[in-house]
Amino acid sequence: MTWPADAPAFLLGVATSGHQVDGDQPPAHNDWTAWEHAGRTREPSGAAVRHWQRFPQDLALFRQIGANAYRFSLEWSRLEPAPGEYDDEALAHYQEMTEACRVHGLEPLVTVSHFTLPPWLTHGWLSPEAPARFAALAGRMAAALDPVRFWCTINEPNVLALMGYVEGQWPPGQHRPGTAAGVLWAQLRAHRAAYRAMKQVRPAIWVGIAHHLVHFRPARATPGDRAAAWTADRIFNQWPIRRAGPQDFLGVNYYAPRWVSPATLANPSLVGPVPGPTTAMGWSVDPDGFRQTLVRLGRRGQPLLVTENGIATDDEAARGAYIAQHRAALEQARAAGADVRGYFYWSGLDNFEWAEGYRPHFGLIAVNRDTQERTVKPGAAAFTDWARAIRPDAPPPPPR
Ligand code: FCB
């Protein structure tokens, strides 16, 4: 695949997803709004950060902190409110957004599906029509959002299957590992069909999946725990990548390691204890796990795009350190041969973190949800430093 001649050589961007930032979606809008209104999250998404209305200002801020790219997602329920019925106004909104990306010097990377599903898919990804309906939507979008050259079909198929069908913390709240495997497979089939539909209309676009990769570490230095870490890696990380079919790049969402043992594997809800300090998500910080993940994936010989990486914290020094350490790890992985073509920090804005509500703060930009006022955080300076190393004309970093 040829990299578009006028795209930045390295995409340095920020990421969001529609449901987490758009706001004002009625209770029956998608599976998540229904879940929220059933009281299954810390709080409902509500007005979110009104990115639907405020995206022009947000894109200008992303550019101001040095981004040259922006990853955002489409909301299937808005685009196709009933099976086969497409909404022109929703499409026009995304056309405006991609145009605004161009105006602000941001290369768009669009995710077709980031977790939320329309209510008419009554069995979610297990609905028999889901892969074909999804592929039809993806093909239409690739044709209609013409300037978009980088696409993720689906965000984290393995996480959706785990959280919704094993841990039961996300819709539809099931505890059935056998079903989870079927849900994962249905998403991979949907990706394959979408890939074909998109490439048929726009052969030059880059299409991949945003895979979630965990760096599995053995809980203790025993052969049993080592075998458990190896097995977890095969099932959770490698299987979806191998079985997804064609991908022009591998999208990598990396946050943290997990410590596993045979007991963890026997009951995947039993996440092993996390040694040492953690973030507001209870996750550990492990940039070397990031380096190892990229080096190992890089051996597959495909281009990599880091589609998400970030920290939930209110400690801006910790955010800056996280970014600097993961940047160094990425650069080491590149020096070791991994073909990493981009990095998207999660997230551009503080937003609705699924079951956790608004408590975790991943953003480079804070949002006061009473006034919707935006403020660039000191931790964003580490991102701007990176931008300036790539693009000397990038603006000066915000005060630390
Ligand atoms: C990822 C999701 C993203 C966000 C981050 C923290 O698993 O893709 O929507 O919630 O985690």
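Since the structure is predicted, the reported quantities are computational estimates derived from the model, not experimental observations.

(A) Inspection of the overall build of the protein chain at higher detail. Regarding its fold elements, the protein chain presents 13 helices and ten strands. Against the globule reference of 21 Å for 400 residues, the protein chain gives a C-alpha radius of gyration of 20 Å, in line with a compact fold. With the C-alpha coordinates aligned to their principal axes, the bounding extent of the protein chain is approximately 55 × 50 × 45 Å. Scored against the burial criterion, the 400 residues of the protein chain give a buried share of 59%. Accessible area for the protein chain stands at about 15300 Å²; split by element, carbon and sulfur atoms hold 54% of it.

(B) Quick look at the layout of surface pockets. The space that makes up the largest pocket amounts to roughly 1200 Å³. Contributing to the lining of the largest pocket are 48 residues, with Leu162, Met163, Glu167, Phe236 and Arg258 lying nearest its centre. Where the lining of the largest pocket is concerned, the elements lending two or more residues are α7 (157-165), α8 (177-201), β5 (206-218), α9 (223-243), β6 (249-260) and α10 (262-266). Broken down by class, the residue content of the lining of the largest pocket amounts to 33 nonpolar, nine polar and six charged. The calculated volume of the second largest pocket comes to roughly 350 Å³. In terms of lining residues, the second largest pocket is bounded by 22 residues, among which Asp31, Gly124, Tyr165, Pro171 and Pro172 are the most central. Those elements that provide at least two residues to the lining of the second largest pocket are α2 (31-37) and α7. For the lining of the second largest pocket, the per-class residue count stands at 15 nonpolar, five polar and two charged.

(C) Here's a closer look at the nonpolar core. Within the largest apolar cluster, 106 residues are counted, with the highest numbers of intra-cluster contacts made by Trp125 and Trp151. The element best represented in this core is α8, accounting for nine residues. The next biggest cluster of nonpolar side chains, apart from the first, holds 19 residues, and it includes Ala15, Phe150, Phe249 and Leu305.

(D) Region of the structure containing the pairing of strand β4 (residues 150-155). With six of six residues buried, β4 lies mostly within the body of the structure. Bridging between strand β3 (residues 107-113) and β4 involves four bridges; their strand directions are parallel. Following the sheet pairing, threonine 111 is matched in β4 by cysteine 152. Following the backbone out of β3, through helix α6 (residues 130-144) and into the adjacent parallel β4, one traces a crossover that is right-handed. When β4 meets β5, the two strands line up parallel, connected through four bridges. Each bridged residue has a counterpart across the sheet, and for tryptophan 151 the counterpart in β5 is valine 207.

(E) The environment of tryptophan 386, seen in detail. Relative to the helices and strands, tryptophan 386 resides in helix α13 (residues 380-390). Among the residues examined, tryptophan 386 registers a relative accessible area of 3% and is labelled buried. The spacing of tryptophan 386 and valine 14 is 372 residues in sequence and 13 Å in space, taken between C-alpha atoms. In this structure, tryptophan 386 is in contact with Phe10, Leu12, Ile323, Arg327, Leu330, Glu331 and Tyr343, ignoring residues within four places of it in sequence.

(F) Just the site of the ligand, in detail. Around the ligand sit Gln20, His114, Phe115, Asn155, Glu156, His212, Tyr255, Glu308, Trp346, Glu353, Trp354 and Phe362, and those are all the residues in its vicinity. At a separation of 2.8 Å, an oxygen atom of the ligand approaches a polar side-chain atom of glutamine 20. Interatomic distance of 2.9 Å between a side-chain N/O atom of asparagine 155 and an oxygen atom of the ligand. Protein chains bury 97% of the 300 Å² of accessible surface belonging to the ligand in isolation. Mapping the ligand onto the cavity grids shows that it belongs to the largest pocket. Of the residues that constitute the shell around the ligand, the class distribution is five nonpolar, four polar and three charged.

(G) A look at the side chain of serine 113. Mapped onto the elements of the fold, serine 113 is located in strand β3. A relative accessible area of 2% means that serine 113 is categorised as buried. If near-sequence neighbours (up to four positions away) are discounted, serine 113 is found in contact with Trp125, Phe134, Thr153, Ile154 and Asn155.

(H) Geometry of α6. For α6, which comprises 15 residues, the first-to-last C-alpha distance of 21 Å matches the rise-based estimate of 21 Å (1.5 Å per residue) to within 8%. Within α6 the residues assigned to the buried category are Ala130, Pro131, Phe134, Ala135, Leu137, Ala138, Gly139, Met141 and Ala142.

(I) A look at the pattern of salt bridges. With the rule as written, the count across this model stands at 20 salt bridges. Here aspartate 146 and arginine 202 are joined by a salt bridge, their closest N and O atoms 3.1 Å apart. Here arginine 202 lies in the loop between α8 and β5 and aspartate 146 lies in the loop between α6 and β4, a separation of 56 residues in the sequence. With a relative accessible area of 45%, aspartate 146 lands in the partly exposed category. Aspartate 233 serves as the salt-bridge partner of arginine 296, at 2.7 Å between the closest nitrogen and oxygen. Here aspartate 233 lies in helix α9 and arginine 296 lies in helix α11 (residues 287-298), a separation of 63 residues in the sequence. Given a relative accessible area of 37%, arginine 296 falls into the partly exposed group. A relative accessible area of 10% places aspartate 233 in the buried class.

Cut-offs used in this document
- Residues numbered from 1 in each chain as written.
- Predicted model: local features only at pLDDT ≥ 70, side-chain atom pairs only at ≥ 80, totals over all residues.
- Heavy atoms only, no water.
- Helix = DSSP H or I, 4+ residues; strand = E, 2+ residues; numbered from the N terminus.
- Rg over C-alpha atoms; globule rule 2.2 N^0.38 Å.
- Buried < 20%, exposed > 50% of the residue type's maximum accessible area, 1.4 Å probe, protein only.
- Areas by Shrake-Rupley, 256 points an atom, 1.4 Å probe, with all protein chains shown as cover.
- 1 Å grid on protein atoms, 1.4 Å probe; cavity = no way out; pocket = protein on both sides within 12 Å on 5 of 7 lines; lining within 4 Å.
- Points joined across faces, edges and corners; volume = space filled by probe spheres on them.
- Nonpolar A, V, L, I, M, F, W, Y, C, P; charged D, E, K, R; others polar.
- Core = buried A, V, L, I, M, F, W, Y, C linked by side-chain atoms within 4.5 Å.
- Pairing = 2+ DSSP bridges.
- Right-handed = clockwise from strand over helix to strand, strands pointing away.
- Contact = heavy atoms within 4.5 Å.
- Near = heavy atom within 4 Å.
- Polar contact = N/O pair within 3.5 Å; in protein donor to acceptor, adjacent residues only side chain to side chain.
- Sits in = over half its atoms within 2 Å of the grid points.
- Expected span 1.5 Å × (residues − 1).
- Salt bridge = Lys/Arg side-chain N within 4 Å of Asp/Glu carboxyl O.

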